[in-house]
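# Notes for the structure review
Residues per chain are reported as follows:
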Amino acid sequence: MATAGKVIKCRAAVAWEPDQPVVIEEIEVAPPQASEVRIKIVATSVCHSDLYHLLQSMPKDGFPTVLGHEGAGIVESVGSGVTEFQPGDKVIPLFLCQCKECRFCKSPRTNQCERAWTRVRQEIMAGVESRFTCKGKRVHQFMGTSTFSEYTVINQIAVTKIDPAAPLDKVCLLGCGICTGYGAAVNTAKVEPGSTCAVFGLGAVGLAAVMGCKAAGAKRIIAIDINPDKAEKAKVLGATDFVNPKDHSKPIQEVIAGMTNGGVDFSLECVGNVEVMLSALESSMEAWGVSVIVGWTDMYDISIRPRHLICGRTWKGSMFGGFKGKDGVAEMVKAYLEKKVRLDEFITHNMTLDHINDAIELMKNCKCIRAVMTVSPQ
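What comes next is a walk through the structure.

Reading the values: rules and limits
- Residues numbered from 1 in each chain as written.
- Predicted model: local features only at pLDDT ≥ 70, side-chain atom pairs only at ≥ 80, totals over all residues.
- Heavy atoms only, no water.
- Axes fitted to C-alpha atoms, helices over the stretch in contact; angles between N-to-C directions.
- Helix = DSSP H or I, 4+ residues; strand = E, 2+ residues; numbered from the N terminus.
- Parallel < 35°, antiparallel > 145°, perpendicular 65-115°, else oblique.
- Contact = heavy atoms within 4.5 Å.
- Nonpolar A, V, L, I, M, F, W, Y, C, P; charged D, E, K, R; others polar.
- Salt bridge = Lys/Arg side-chain N within 4 Å of Asp/Glu carboxyl O.
- Buried < 20%, exposed > 50% of the residue type's maximum accessible area, 1.4 Å probe, protein only.
- Phe/Tyr/Trp six-rings, centres within 6.5 Å; stacked < 30°, edge-to-face > 60°.
- Polar contact = N/O pair within 3.5 Å; in protein donor to acceptor, adjacent residues only side chain to side chain.
- Expected span 1.5 Å × (residues − 1).

## Digging into the packing of helix α1 (residues 48-57) against helix α11 (residues 356-364)
- Relative orientation of the contacting elements α1 and α11 amounts to 95 degrees, with a least axis distance of 10 Å. One way to sum up the angle between α1 and α11 is to call them roughly perpendicular. Seen from α1, the contacting residues are His48, Leu51, Leu54 and Leu55; seen from α11, they are Ile360, Met363 and Lys364.
- Per-class residue counts for the contact of α1 with α11 are five nonpolar, one polar and one charged.

## With respect to the pattern of salt bridges
- With the rule as written, the count across this model stands at 18 salt bridges.
- Between Arg11 and Asp354 there is a salt bridge; the shortest N-O distance is 2.2 Å. In this pair, Arg11 is assigned in strand β1 (residues 8-15) and Asp354 in the loop between β19 (347-352) and α11, connecting sequence segments 343 residues apart.
- Classification of Arg11 by relative accessible area gives partly exposed; the value is 30%.
- Among the residues examined, Asp354 registers a relative accessible area of 46% and is labelled partly exposed.
- As a salt-bridge pair, Arg370 and Glu70 come within 2.7 Å of each other at their nearest N and O atoms. Here the residue Arg370 occupies a position in strand β20 (residues 370-374), and Glu70 occupies one in the loop between β4 (65-66) and β5 (71-78), the gap between them amounting to 300 residues.
- When its relative accessible area of 3% is taken as the criterion, Arg370 is described as buried.
- Among the charged side chains, a salt-bridge network with shared partners connects Arg11, Glu150 and Asp354.

## Looking at the packing of aromatic side chains
- Under the definition given, this model contains two aromatic pairs.
- When the centroid spacing of 5.1 Å and the interplanar angle of 70 degrees are considered together, the rings of Phe95 and Phe320 count as edge-to-face. Note that Phe95 is positioned in the loop between β6 (90-93) and α2 (116-119) and Phe320 in the loop between β18 (314-317) and α10 (325-337), a separation of 225 residues in sequence. Each of the two residues, Phe95 as well as Phe320, counts as buried.
- Look at Phe104 and Trp117: their rings are 5.4 Å apart centre to centre, the planes differ by 75 degrees, and that puts the pair in the edge-to-face class.

## Quick notes on the environment of Thr297
- For Thr297, the position within the fold is in the loop between β17 (290-293) and α9 (307-310).
- Among residues more than four places away in sequence, those in contact with Thr297 are Tyr52, Gly272, Val274 and Met277.
- In terms of polar contacts, Thr297 uses its side chain to reach the backbone amide nitrogen of Met299, at 3.4 Å.

## Quick look at helix α5 (residues 204-215)
- Its 12 residues place the ends of α5 16 Å apart at the C-alpha level, agreeing with the 16 Å of an ideal helix rising 1.5 Å per residue.
- Buried residues dominate α5, accounting for 10 of its 12 residues.
- All of the buried residues along α5 are Ala204, Val205, Gly206, Leu207, Ala208, Ala209, Val210, Met211, Gly212 and Cys213.
- Packing partners of the buried residues in α5 comprise α4 (177-189), β13 (196-200), β14 (220-224), α6 (231-236), β16 (266-269) and β20.
- Once α5 ends, the next one or two residues include Gly217, with phi positive near 95 degrees.

## Brief notes about unusual backbone geometry
- Across the junction of Phe63 and Pro64, the peptide omega takes the value 0 degrees, indicating a cis bond.
- The phi torsion at Ser35 lies on the positive side, around 70 degrees, for a residue other than glycine.
- Structurally, Ser35 can be placed in the loop between β2 (23-29) and β3 (36-45).
- For Met143, which is not a glycine, the phi torsion comes out positive at approximately 55 degrees.
- By the element assignment, Met143 lies in the loop between β10 (137-141) and β11 (151-155).

Here is the structure:
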């Protein structure tokens with residue numbers, strides 16, 4: 001392509017400082033270096049992790065940054081040594097890479113990759129390297145991806161090639177939220193046919209967890225949220241019951257225990273709130289229940305009484321739904337194309353990158369499941 005090997009000037013949503021509106025700026029995107037891929041982002045969506053960085057954790061060294069990690073696009077050019085990708089390929093960036101060479105990637109026990117801990121600075125949720133500059137300043141690449149930009153540069157181990165038939169404005173959701181929730185049920189909890197499940201929190205991750213529980217054959221799926229507007233969407237995706245904790249005078253774990261003769265077989269916390277994590281754990285059957293922490297937070301400690309585990313409960317965590325990045329996302333794209341996984345039902349708003357602050361406000365005020373933004377024309 002005519003732009004290969006050259007700096008590209010393009011538009012991006014830059015978060016200059018925490019807890020402030022992002023600004024559409026012209027940024028410079030350097031050419032890909034060895035083992036890197038430059039991608040034209042076609043579509044992206046706002047995930048709560050973007051808001052967590054911008055409005056909650058607000059690490060002082062984590063700005064300026066270009067947020068976004070749930071996107072899809074087309075390869076514009078590749079750096080030296082890249083053989084897996086070529087210009088024109090449809091791809092999804094990955095915040096959790098898969099090098100396929102380290103002991104973690106080679107192990108079926110985890111979806112972690114050792115290089116994920118060296119290429120991204122976890123304390124500021126940004127890549128160690130950045131190919132972005134704006135107004136003479138280096139700009140972080142959020143989670144090593146930064147999909148709120150018309151172009152981005154990512155190491156090839158954090159990109160997966162997808163079916164060319166995939167609609168990018170739908171499958172962009174598989175870059176984080178849908179895989180995280182669905183996989184937490186299927187891969188991490190390993191929900192069993194005929195089981196009972198409880199899903200706490202009905203954002204995109206929680207609704208995807210509901211969908212995963214149904215796909216795994218759960219008999220009863222109790223969806224829990226303080227927003228009654230989420231009830232119908234949850235039932236469309238497979239929930240059999242909806243419970244609003246505000247409708248009850250006793251703790252929600254007691255309500256769930258009463259509904260299920262002692263507790264559910266599997267519970268999934270999809271909020272990122274330590275109090276809800278405890279409620280989810282205690283809502284699972286004391287003798288054999290499995291409870292999975294899915295929602296992200298790194299701001300608070302959590303403690304429990306040992307008896308909550310001694311009798312037989314299992315407490316687990318799930319990162320990106322247990323999917324190995326390259327392999328798992330490509331498989332989920334295929335599942336969507338085969339109508340085995342739903343995505344359209346999660347999209348409540350469509351807009352352009354110019355309306356990024358509107359999309360952030362919708363997410364902040366729980367007025368959307370996913371707002372998908374068109375970033376560049378295909």
